[in-house]
Amino acid sequence: MRIRLVATTAAAAGALAALTAVPAHAAEYNSALKIRGIQYDAPGSDSNRCSTGNTDEEYLTIKNYSRSTTVNLKGYVVKDAAGNKFTFTASHTLQPGDYVKLRGGNGTDSDANNVVYRDNCNFMWNNDKDTIYVYKPSGSRADVHSYTKSGSDQDGNGYITYHG
């Protein structure tokens, strides 16, 4: 009896340690919409000139991971750690398994090409580290991820994948 009690106590302590070791940015939220990946460092030298810059090469991929629910992005908000934000003001529908690339710069939004432009030629994501927040229209958090260039981008290509 005592051996079983010690083993149960040790297992419970291990489970509690595992729960407390999970960083806040790894929390799972009840949302079909999640961050699939981020090209936080646009290829080449950063230039935020609207006509010749490369802010459109910086993008966030958001995917609808639901098997049956269609999600309208209207009202969803994407923010970074500094408070820079983008709000989806137009309807953009994601079918189950579908995704959208939220790109910097200017361009034509397209459901067919799965792209929405921020219509802002400034870079949103830091090249060294940042936190990405996605909020539902209700204001509740849909997803969040932090990254560091040295700790999250193992191959150094400026792209990080989340949620497989």
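Structure: above.
Residues numbered from 1 in each chain as written. Predicted model: local features only at pLDDT ≥ 70, side-chain atom pairs only at ≥ 80, totals over all residues. Heavy atoms only, no water.

Student: Even after reading the chapter, I still don't get the state of the cysteines, so can you show me in this structure?
Tutor: The bond known as a disulfide is covalent and runs between the sulfur atoms of two cysteines. Tallied over the entire structure, the rule returns 1 disulfide. Note on cysteine connectivity: Cys50 is disulfide-linked to Cys121, with sulfurs 2.0 Å apart. Its torsion about the S-S bond being 120°, the disulfide of Cys50 and Cys121 is classed as right-handed. Highlighted residues: Cys50 in the loop between strand 1 (33–39) and strand 2 (59–64) and Cys121 in the loop between strand 8 (115–117) and strand 9 (129–135), separated in sequence by 71 residues. Judged by relative accessible area, Cys50 falls into the exposed class, the value being 56%. (Disulfide = S-S within 2.5 Å. Helix = DSSP H or I, 4+ residues; strand = E, 2+ residues; numbered from the N terminus. Buried < 20%, exposed > 50% of the residue type's maximum accessible area, 1.4 Å probe, protein only.)

Student: I would appreciate a short explanation of the nonpolar core in the present structure.
Tutor: Soluble, globular proteins show a tendency: their nonpolar side chains are buried together. Judged by nonpolar contacts, the single largest core of 24 residues is most densely connected at Ile38, Leu60, Val78, Phe88 and Trp125. Here this core takes 3 residues from strand 1, the largest share from any one element. Not counting chain neighbours up to four residues away, the residues in contact with Leu60 comprise Ile35, Gly37, Ile38, Val78, Val100, Lys101, Leu102, Trp125 and Ile132. (Core = buried A, V, L, I, M, F, W, Y, C linked by side-chain atoms within 4.5 Å. Contact = heavy atoms within 4.5 Å.)

Student: So what exactly am I meant to see when it comes to the environment of Tyr59 here?
Tutor: With respect to the helices and strands, Tyr59 occurs in strand 2. Through-space distance from the C-alpha of Tyr59 to that of Tyr117 is 9.0 Å; in sequence the pair is 58 residues apart. Every residue in contact with Tyr59, bar those within four places of it in the chain, is listed here: Gly37, Ile38, Gln39, Lys101, Leu102, Arg103 and Tyr159.

Student: Where do I start with unusual backbone geometry in this structure?
Tutor: Peptide bonds are trans in most cases, and residues, glycine excluded, mostly fall at negative phi. In this model, Asn114 sits at a positive phi of 55°, which is unusual for a non-glycine residue. Look at Asp119: it is not a glycine, yet its phi comes out positive at around 50°. The topology assignment puts Asp119 in the loop between strand 8 and strand 9. On the basis of relative accessibility, which here comes to 49%, the residue Asp119 falls in the partly exposed class.

Student: Looking at this model, I keep getting lost on the sheet that holds strand 1. Mind explaining?
Tutor: Backbone-to-backbone hydrogen bonds pair the strands of a sheet. The strands run either parallel or antiparallel. Here we have 5 strands laid out as an open sheet, ordered 8-7-2-1-11, and mixed in their pairing. Strands with a single pairing partner mark the edges of an open sheet, and in this sheet they are strand 8 and strand 11 (159–161). Put simply, the sheet's adjacent strands are angled 25° from each other on average, direction ignored. Here strand 1 runs beside strand 11; their pairing, made up of 3 bridges, is antiparallel. Bridge pairing in strand 11 places Ile38 opposite Ile160. (Pairing = 2+ DSSP bridges. Axes fitted to C-alpha atoms, helices over the stretch in contact; angles between N-to-C directions.)

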